[in-house]
Amino acid sequence: MSDIRNIVILTGAGISAESGIDTFRSAGGLWEQHNVEDVATPEGFARDPALVLNFYDMRREALCKVAPNPAHDALARLDAEFSGELLIVTQNVDDLHERAGASRVLHMHGELKSALCTSCEMRSPWNATLSDRPPCPVCQAPTLRPDVVWFGEMPYQMERIYRAIREADLFVSIGTSGAVYPAAGFVRDARDLGVQTLELNLERSEGSHWFHESRQGRAGELVPAWVEELLR
Ligand code: BV8
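Note that the coordinates shown come from a computational prediction; the quantities given were computed from them, not determined experimentally.

Novice: Describe the domain arrangement of the chain, and please don't skip the residues or the numbers.
Specialist: Domain parsing of the chain yields domain 1 (6-21 + 68-109 + 154-231) and domain 2 (22-65 + 113-148). Placing a centre on the C-alpha atoms of domain 1 and another on those of domain 2 gives a separation of 25 Å. Taken over both partners, the interface formed by domain 1 and domain 2 buries close to 980 Å², and the fraction arising from carbon and sulfur atoms is 55%. Taken as a group, Ile21, Val93 and Tyr156 account for 43% of the area that domain 1 buries against domain 2, more than any other trio of residues on that side.

Dropping the structure here:
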């Protein structure tokens, strides 16, 4: 591992599971409680904005009740101590990577703590609710939506992500089912470019067979052990 100079890490809901944030596809997960088409698509938002705004208000409010877990802490340690290039690409819309102290974080599916105005298209940091249709801090129109990438919408900063993967010598996927594209395809892009690939996940995922190495276990145990191994 000593010749590793450039790492891209992809994280999914599994890294936040031990912090008490529901994953999407595990038993009792978010997609069992809500119909994806109703709460995570532009069509669902157009059909019933109140339902969607309440869904994200509930998740935003839950953030203050959870804390980073040892997996987030280990990635923050890597961010602080690893002298090479590092990019943490997260599919998660929670703020636990940042609260653990990581700074090189890219939210490819947006963030609960950001609001997007559909009138002026400006983004504003947001910790409150949106279901009461507050005025946009920039243009005052009552047209704020969650700054979250829904199904059918283009994830954020894709060019920057693909450039980072091209330049990486290690791609690590942590806590994701490999069910949603384009994130689920990153391992294949990496592998086609000769990048070493490692998966850390509770169970085998839909993409496990694409990884050079796949370790099963809880992120709270696997990630600190992997970071220790890398930094030693
Ligand atoms: C796009 C934000 C194109 C919202 C999310 C057919 C084929 C291929 C693709 C498609 C297709 N039909 C449609 C598509 C495209 C679609 C897609 O991939 N659909 C899938 C269902 C087939 N993708 C899109 O629409 C994307 N956009 O393609 O745009 C485009 C092109 C041109 C112009 C415009 C557009 C956008 C997708 C983004 C959707 N938004 N999230 C929100 O959070 O509410 S998706 C959401 O689910 C997550 O963000 C994440 O990306 C995705 C997967 O979730 P995971 O993070 O993996 O969580 P999951 O519960 O699934 O798994 C958790 C894992 O953790 C499990 O494996 C579990 O074992 C593990 N785990 C649990 N506990 C632990 C653990 N691991 C370790 N430790 C533990 N303790």
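Next, the rest of the story.
Novice: If you had to explain unusual backbone geometry to someone new, which residues and values would you point to?
Specialist: Pro182 follows Tyr181 through a cis peptide bond whose omega is 0 degrees. The topology assignment puts Pro182 in the loop between strand E7 (170-174) and helix H8 (186-192). With a phi angle near 50 degrees, Arg133 is a residue other than glycine that sits in the positive phi range. Here Arg133 falls in the partly exposed class, since its relative accessible area comes to 33%. In this structure, Gln140 is a non-glycine residue whose phi angle is positive, near 70 degrees. By secondary structure assignment, the location of Gln140 is in the loop between strand E5 (123-125) and strand E6 (144-148).

Novice: So what's going on with the nonpolar core? Residues and values would help.
Specialist: Membership of the largest hydrophobic core comes to 25 residues, with the highest contact counts inside it found for Ile7, Ile9, Leu75, Val172, Ile174, Val223 and Trp226. Among the secondary structure elements, those contributing two or more residues to this core are strand E1 (6-11), helix H5 (70-81), strand E2 (85-90), E7, strand E8 (196-201) and helix H9 (219-231). When residues in this core are grouped by element, the largest group, six residues, is from H9. For Leu75, the residues in contact, after removing those within four places along its chain, are Ile9, Thr11, Ile15, Ile88, His97, Ile174, Val223, Trp226 and Val227. Membership of the second largest hydrophobic core comes to 21 residues, among which are Leu30, Trp31, Ala115 and Trp150.

Thresholds, definitions, all that
- Residues numbered from 1 in each chain as written.
- Predicted model: local features only at pLDDT ≥ 70, side-chain atom pairs only at ≥ 80, totals over all residues.
- Heavy atoms only, no water.
- Domains from an automatic or database assignment.
- Buried area = accessible area lost by both parts, 1.4 Å probe.
- Helix = DSSP H or I, 4+ residues; strand = E, 2+ residues; numbered from the N terminus.
- Buried < 20%, exposed > 50% of the residue type's maximum accessible area, 1.4 Å probe, protein only.
- Core = buried A, V, L, I, M, F, W, Y, C linked by side-chain atoms within 4.5 Å.
- Contact = heavy atoms within 4.5 Å.

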